[in-house]
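# What the coordinates show
Chain by chain, the residues:
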Amino acid sequence: MDISKHPKIDNPHITTEDFSIFYGDNEAVKGVSLRIPKGKITAIIGPSGCGKSTYLRAINRMNDLIPSCHTKGTMIFDGSNVYDSSLDVVQLRKSVGMVFQKPNPFPKSIFDNIAYGPRLHGVKSKSELSQIVEKSLKQAAIWDEVKDRLHENALRLSGGQQQRLCLARTLAVNPEVLLMDEPTSALDPSATARIEDLAGELKGNYTIVIVTHNMQQAARISDYTAFFYEGNLIEFGVTKEMFTKPKEQQTEDYITGRFG
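Keep in mind the model is a prediction, meaning the values are calculated, not measured. (Residues numbered from 1 in each chain as written. Predicted model: local features only at pLDDT ≥ 70, side-chain atom pairs only at ≥ 80, totals over all residues. Heavy atoms only, no water.)

## Some words on the overall build of the chain
- Along the chain, the regular secondary structure elements total ten helices and ten strands.
- Over its C-alpha atoms, taken along the principal directions, the chain stretches across nearly 55 × 45 × 35 Å.
- Split into buried and exposed, the 260 residues of the chain put 52% on the buried side.
- The long-range share in the chain, meaning contacts at least 24 apart out of those at least 6 apart in sequence, stands at 68%.
- Of the roughly 12200 Å² that the chain leaves accessible, carbon and sulfur atoms contribute 46%.
- Placing the 31 positive and 31 negative side-chain charges of the chain at their respective mean positions leaves the two points 4 Å apart. (Helix = DSSP H or I, 4+ residues; strand = E, 2+ residues; numbered from the N terminus. Buried < 20%, exposed > 50% of the residue type's maximum accessible area, 1.4 Å probe, protein only. Contact = heavy atoms within 4.5 Å. Areas by Shrake-Rupley, 256 points an atom, 1.4 Å probe, with all protein chains shown as cover. Lys, Arg positive; Asp, Glu negative; His and termini not counted. Charge placed at Lys NZ, Arg CZ, Asp CG, Glu CD.)

This is how it looks when you write it as structure tokens:
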């Protein structure tokens, strides 16, 4: 898609220019140019296998863990080339946190789950760790449910609680960006609503990029939406406009359920 057709983004937090991602010889993401605005929620939608999760994982270089994966083009975050060989990937992943499709708490206490990241980055003071744990759990709207259970195993929590715990664990290292890959697909409607409400509360302080199969979810919570199909970015726009007056026929066909 021609980037000149995109809405004007005055303060992009993440910018990709002609950015492609390959698994071996297979081009999974094809020359995507996209500006993701700071402090907003951007949803990435599209059918299974369209490249949306691959693109999301490229932002904090999670795809580096796949030996055959390589990239072409440019991705800029906070003025730095994400794929520059001199970039500190550990620092990148501190700044760009991720919440996955299925909750993945560590088999440790609730406290140790949240304290894990800060400890990794050099925080040793028990009082400081306690403050971080409390603040992060409050941000993730789970503090009142677990404040008397901090030394219990996190695996005892319900699925929805585990996902909020994982969000708190991500927030504990003060990221700038939150990547959310289908964060509610394994949750019931009540837990889904809690995560959606949280995303709305966190935006502004964080840039949020969410991959979702649920178009109603994208319409409810996102400010901007990018539609991917077969590795291509078909359309990017203000969510309200895109869901009511899409510019591309493929977008309209997908949103109205003609395929997907």
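Further notes follow.
## As for the packing of aromatic side chains
- The tally for this structure, following the rule as stated, stands at five aromatic pairs.
- Geometrically, the ring pair formed by Tyr55 and Phe228 is tilted, given 5.5 Å between the ring centres and 50 degrees between the ring planes. Of the two residues, Tyr55 sits in helix α1 (residues 52-58) while Phe228 sits in strand β9 (residues 224-229), which places them 173 residues apart along the sequence. For the pair formed by Tyr55 and Phe228, the shared burial category is buried.
- It is Lys126 that lies over the ring of Phe111; its NZ or CZ is 5.8 Å from the centre.
- Positioned above the aromatic ring of Phe106 is the side chain of Arg169, whose terminal nitrogen or guanidinium carbon lies 4.1 Å from the ring centre. (Phe/Tyr/Trp six-rings, centres within 6.5 Å; stacked < 30°, edge-to-face > 60°. Lys NZ or Arg CZ within 6 Å of the ring centre and 35° of its normal.)

## Brief notes about the side chain of Gln161
- Following the sequence through the fold, Gln161 ends up in helix α6 (residues 159-171).
- Here the side chain of Gln161 touches Glu145 through a polar contact of 2.9 Å, side chain to side chain.
- Among all residues touching Gln161, those that are not within four sequence positions of it are Ile142, Glu145 and Arg149. (Polar contact = N/O pair within 3.5 Å; in protein donor to acceptor, adjacent residues only side chain to side chain.)

## Notes on the nonpolar core
- Core analysis: the largest hydrophobic core is formed by 45 residues, its most contacted members being Ile110, Leu137, Leu167 and Ile208.
- In terms of residue count, the dominant contributor to this core is helix α7 (residues 189-202) (five residues). (Core = buried A, V, L, I, M, F, W, Y, C linked by side-chain atoms within 4.5 Å.)

## A closer look at the pattern of salt bridges
- According to the stated counting rule, one finds ten salt bridges in the structure shown.
- Across the pair Glu134 and Lys138 runs a salt bridge whose closest N-O atoms are separated by 2.7 Å. Here Lys138 and Glu134 lie together in helix α4 (residues 126-139), a separation of four residues that amounts to about one turn.
- Its relative accessible area of 29% is what places Glu134 among the partly exposed residues. (Salt bridge = Lys/Arg side-chain N within 4 Å of Asp/Glu carboxyl O.)

## Overview of the sheet that holds strand β1 (residues 12-23)
- Reading across the sheet, the four strands line up as β2-β1-β4-β5 and stay open at both edges, with antiparallel pairing between neighbours. Looking at the sheet topology across the chains shown, the edges are occupied by β2 (26-37) and β5 (80-81).
- By the bridge criterion, two bridges tie strand β4 (residues 69-77) to β5 in an arrangement that is antiparallel. Each residue of the ladder has a partner; that of Phe77, found in β5, is Ser80. (Pairing = 2+ DSSP bridges.)

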